[in-house]
Amino acid sequence: MLRFRTLLASPYRKRKKQPKTGRKTRATRSDAVPRKQCHRTDELRQPHQLETVEQEEEEEEAEAEDGELGFHLKSSARSNAHGVQPLGNLFLSPNATNSRNTGLGALQNLTDELLLEILGLLSATQLGILATVSKSFYIFCNHEPLWRNLVLEALGGDFSFNRSWKSTYVAGCHPSFDVGSVGDLGLEIRDFYSDYVFQSWLCANLEMKPEWLERDNIVRKRGISVEEFVRSFEEPNKPVLLEGCMDGWLALEKWNRDYLVKTCSGVRFSVGPVEMRLEDYFCYSDQTREERPLYLFDPKFGEKVPVLGLDYEVPVYFREDLFSVLGNERPDYRWIIIGPSGSGSSFHIDPNSTSAWNAVITGSKKWVLFPPDVVPPGVHPSPDGAEVACPVSINEWFMNFYGATKSWKKKPVECICKAGEVIFVPSGWWHMVINLEESIAITQNYVSSRNLLNVLDFLKKPNASTLVSGTRDRVNLHDKFKKAVEAKFPGKIDQLMLEAEDKAALQKKPSFWDSVTDSKAGAFTFSF
Amino acid sequence: MASSRKITLRSSDGESFEVEEAVAVESQTIKHMIEDDCADNAIPLPNVTSKILAKVIEYCKKHVDASKAEDRVNDEDLKAWDAAFIKVDQVDQATLFDLILAANYLNIKSLLDLTCQTVADMIKGNLFPVRNEWLNFTFSIANRELVLVCLTEWVAHRRLFCS
């Protein structure tokens, strides 16, 4: 997934209409840092309080938002930004030097991202030494994502998080050294202005604004029959939040940190690019304050710890599970998801054109869903859907693009899914999730008779080798699956195709794939 | 036989370069412009001067030729060519940084990787020996790595604020 940074839009003090910039952001990597100003009034500055004025800026937007909106930082926000300020403040400061530039020498003409890419090629020691060269290098070389990569490369999932990625690295790679005596001195550097570095820190420390969480327009149902579910939601491909179908799940009573750590002792779960033990992951998730925290997302939890699989059962609506005909060769289909507040998944469409359900066992998640034919603002899928460019972090999307959805005719479906609730995500729908508190959930993707034909079509596409996910045998999955379905349910596929033709003849409806315009359901890849 | 359609690229200072389409689409940016049908006339590249564009085209041409069956160049030779190509620019740092910016703007991954790695190597080469005339102690080689990493906070404080 390509990630680009969009910056906070141009500021204004009073209620003044700003002219539209009329600028389309092309989300290529080179375009990552369009220069906009961000405003911070010094007289309002107090510890841990930031008043920043926001204005809608993107293509779809008609008018500037009135009033001043403040951003609030999480109370535990560390001042790890070293006093970094956004670039716009440079124009308001009494002296016009930016120590970012003076401290970089010949490198100052490179963008922040390019510079960080270069720094990413250095070893830990080299980064450490480089940090002493100038205030500018000090800030860049202490950029936590750099140290996160170093830790994950050097230690894999075997690290014990210790306040910051940098000290985690030292503690992990030089254990004889007493990390407690070295710390982040947190040097305050007053004349460093950089939008990229500032926003990185801001997004990591931002509290979700209440108005981002207000809208809850999903349909909620309790105790409906399977037929009604199929008729009202699965067939027409509409999302729904189902209550009461986790009653009786042992997981709801039993699953908490202690139980999971004890039950899964020693087992490693997939966390981004590495595998970690649960106690190590919790140690990390308790302390982390990042834009994109590592997220525990394991597709083999049932195989790794079979007992966990006994603590829940598939809700009655989703029992038809056609990929099961493939037995052990079926693509990944069920995941355990654990993550701290602020973790989540940015906009994507689920793989292989399947539908999904997501059950929250503890915690709560904010969902934003868009139908297949509506590309969310700020998201740019490639024409074949294999790649999706989107903002670097979920907070960034909310800051810059959520407001755009207010004036759209096709509003997204939104909700907060709490413990004990299950959300149905129809196939092809764009969705994004953010954990509002530490959450544990189970999700499964499935194929039923309703989307069998779509899935077969998807697997048959010429670029299946890049788009199909969750299995090693991408190219042959279509044939294998079709044969296996024919074997177990002879005639089903033909019957479904007849029914589809009849319906199409009646409605002259375009096929699912024809109706998807610029959001052809694409591959699902997490990039970390 | 590959299409030998020519594309015209125009640099920021108005100079035009005619290149084969296969060479031009080494740049993902240009490739997308062509796909979006913006390439009937010259493609303007306001972020790239003629001096840099010439070098970029030289790089792309070599890499396209290297992968053609007739002129098959093996990996090692290509790497050697890359090293020679970039070495000239190490002398002229400004060109090297401009190449990075151009490779980023034009989205040519291999050139971006090459140039970034070059700068990283230059940085690495300049880091030792650490000037420590104002540090009043020596440290043993065994602990050197460790101490250097951890001391940077203290060193940073002294160097940046106490000199």
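Residues numbered from 1 in each chain as written. Chains lettered and ligands numbered in written order. Predicted model: local features only at pLDDT ≥ 70, side-chain atom pairs only at ≥ 80, totals over all residues. Heavy atoms only, no water.

With respect to the overall build of chain A
Put simply, the rule reads: Labels follow the DSSP assignment, with helices taken as runs of H or I lasting at least four residues and strands as runs of E lasting at least two, numbered in each case from the N terminus. Note on classification: 1.4 Å probe, protein chains only; a residue is buried when its accessible area is under 20% of the maximum for its type, exposed when over 50%, partly exposed between these limits. The protein chains shown are the only cover counted for residues, whose accessible areas, like all others here, come from Shrake-Rupley with a 1.4 Å probe.
What chain A contains, in helices and strands, is 20 helices and 18 strands. When each of the 528 residues of chain A is scored for burial, the buried share is 58%. Total accessible area computed for chain A in this model is approximately 22,300 Å², and 50% of it derives from carbon and sulfur atoms.

A word on the overall build of chain B
Selection rule: It only takes one pair of heavy atoms within 4.5 Å for two residues to be counted as in contact.
What chain B contains, in helices and strands, is seven helices and three strands. Start at the N end of chain B and walk to the C end: the helices and strands fall as β-β-α-α-β-α-α-α-α-α. Residues classed as buried in chain B amount to 42% of the 163 residues present. Intrachain contacts of chain B at a sequence separation of at least 6 include 56% that bridge at least 24 residues. Total accessible area computed for chain B in this model is approximately 9,300 Å², and 49% of it derives from carbon and sulfur atoms.

Details of the nonpolar core
Residue and element names in this part refer to chain A. Threshold: The term nonpolar core refers to a set of buried residues drawn from Ala, Val, Leu, Ile, Met, Phe, Trp, Tyr and Cys, joined through side-chain atoms within 4.5 Å.
Counting 140 residues, the largest nonpolar core has Leu 119, Phe 159, Phe 229, Trp 255 and Phe 398 as the members making the most contacts within it. What Phe 229 contacts, discounting residues up to four positions off in sequence, is Ile 224, Glu 234, Val 240, Leu 242, Tyr 317, Phe 318, Phe 424 and Tyr 446. If you look at the next biggest cluster of nonpolar residues, it comprises 18 residues, including Leu 326, Leu 452, Phe 458 and Leu 496.

Quick word on the sheet that holds strand β3 (residues 43-44) of chain B
Residues and elements named next belong to chain B. Basically, it comes down to this: If DSSP finds at least two bridges between two strands, the strands pair. Structural elements are reduced to axes, namely lines fitted to C-alpha atoms, with helices fitted over the stretch in contact, and the angle between N-to-C directions of any two is expressed from 0 to 180 degrees.
Strand order in the open sheet made by the three strands is β2-β1-β3, with mixed pairing throughout. For this open sheet the edge positions go to β2 (16-20) and β3, each flanked by a neighbour on one side alone. In this sheet, β2 lies alongside strand β1 (residues 6-10) in antiparallel orientation, the contact comprising five bridges. Residue Lys 6 lies in a different strand from β2, and its bridge partner there is Glu 20. Seen against the sheet, helix α3 (residues 50-67) touches β1 and β2 and runs at an angle of roughly 10 degrees to β2.

Points about the pattern of salt bridges
Inclusion rule: Throughout this description, the term salt bridge denotes a Lys or Arg side-chain nitrogen within 4 Å of a carboxyl oxygen of Asp or Glu.
Tallied over the entire structure, the rule returns 30 salt bridges over all chains. Through salt bridges with shared partners, a single network forms among Asp216(A), Arg220(A), Arg222(A), Glu243(A) and Glu421(A).

Some words on the UniProt feature "domain: F-box" (unreviewed entry) in chain A
What counts is decided by this rule: UniProt positions are given in the numbering used here, feature names are shortened, and annotations may be inferred rather than shown by experiment.
UniProt records the feature "domain: F-box" (unreviewed entry) for residues 104-150 of chain A in the present numbering. In the segment residues 104-150 of chain A, helix accounts for 62% and strand for 0%; the C-alpha atoms at its two ends are 23 Å apart.

Quick word on the UniProt feature "domain: SKP1 component dimerisation" (unreviewed entry) in chain B
The UniProt record annotates "domain: SKP1 component dimerisation" (unreviewed entry) at residues 109-125 of chain B. Segment residues 109-125 of chain B splits into 100% helix and 0% strand. End C-alpha atoms: 24 Å apart.

What about the environment of Arg222(A)?
Residue and element names in this part refer to chain A. In this fold, Arg 222 is placed in strand β4 (residues 220-222). Considered as a pair, Arg 222 and Cys 245 are 23 residues apart in the sequence and their alpha carbons are 7.8 Å apart. Not counting residues up to four positions away in its chain, the partners in contact with Arg 222 are Glu 243 and Gly 244.

Here's the deal with the sheet that holds strand β15 (residues 413-418) of chain A
All names here are of chain A. Spatially, four strands are ordered β10-β17-β12-β15 in an open sheet, and the strand pairing comes out antiparallel. With partners counted over all chains shown, the strands left at the sheet margins are β10 (344-349) and β15, one partner each. Averaged over all neighbouring strand pairs, the angle between strand axes comes to 15 degrees, with direction disregarded. Relative to strand β17 (residues 430-435), strand β12 (residues 364-370) runs antiparallel, the two sharing six bridges. What sits directly across from Val 368, in β17, is Met 432. Where helix α15 (residues 394-401) meets the sheet, it contacts β10, β12 and β17, and its direction lies at approximately 115 degrees from that of β17.

Considerations on the pairing of strand β11 (residues 355-362) of chain A
Residue and element names in this part refer to chain A. Among the eight residues that make up β11, seven are buried, leaving the element largely enclosed by the rest of the structure. With seven bridges joining them, β11 and strand β18 (residues 439-446) adopt antiparallel strand pairing. Within β18, the residue paired with Thr 362 across the bridge is Ile 440. Across four bridges, the pairing between β11 and strand β16 (residues 421-425) is antiparallel. Note that in β16 the partner of Trp 357 across the bridge is Phe 424.

Things to note about the side chain of Asp311(A)
Residues and elements named next belong to chain A. For clarity, the cut-off: Side-chain atoms alone can form a polar contact between residues adjacent in sequence; in general such a contact is a pair of N or O atoms within 3.5 Å, and within protein one must be able to donate a hydrogen while the other accepts it.
Counting through the fold element by element, Asp 311 comes out in the loop between α14 (306-310) and β9 (334-339). Relative accessible area serves as the criterion here: at 2%, Asp 311 is assigned to the buried category. A polar contact is formed between the side chain of Asp 311 and the side chain of Trp 255, at a distance of 2.8 Å.

A closer look at the pairing of β12(A)
Residues and elements named next belong to chain A. Most of β12 is tucked away, with seven of its seven residues classed as buried. Burial of β12 is two-sided: the residues Ser 364, Lys 366, Val 368 and Phe 370 facing one way and the residues Lys 365, Trp 367 and Leu 369 facing the other way are all buried. Bridging between β12 and β15 involves six bridges; their strand directions are antiparallel. In the strand pairing of β15, Ser 364 is matched with Lys 418.

Quick look at the packing of helix α7 (residues 195-205) of chain A against α15(A)
Residues and elements named next belong to chain A. The condition that has to hold: By the definition adopted for this analysis, an angle is roughly parallel if under 35 degrees, roughly antiparallel if over 145, roughly perpendicular if from 65 to 115, and oblique otherwise. Residue type decides the class: Asp, Glu, Lys and Arg count as charged, Ala, Val, Leu, Ile, Met, Phe, Trp, Tyr, Cys and Pro as nonpolar, and the leftover types, Gly among them, as polar.
Between α7 and α15, the shortest axis-to-axis distance is 8 Å and the interhelical angle comes to 100 degrees. Viewed along their axes, α7 and α15 adopt a mutual orientation that is roughly perpendicular. Mapping the contact onto sequence places Gln 199, Leu 202 and Cys 203 in α7 and Asn 395, Glu 396, Met 399 and Asn 400 in α15. Considering only residue class, the contact of α7 with α15 consists of three nonpolar, three polar and one charged.

Topic: the environment of Leu106(B)
Looking at the secondary structure, you find Leu106(B) in helix α5 (residues 93-106). In this structure, the C-alpha to C-alpha distance between Leu106(B) and Ile7(B), residues 99 residues apart in sequence, is 15 Å.

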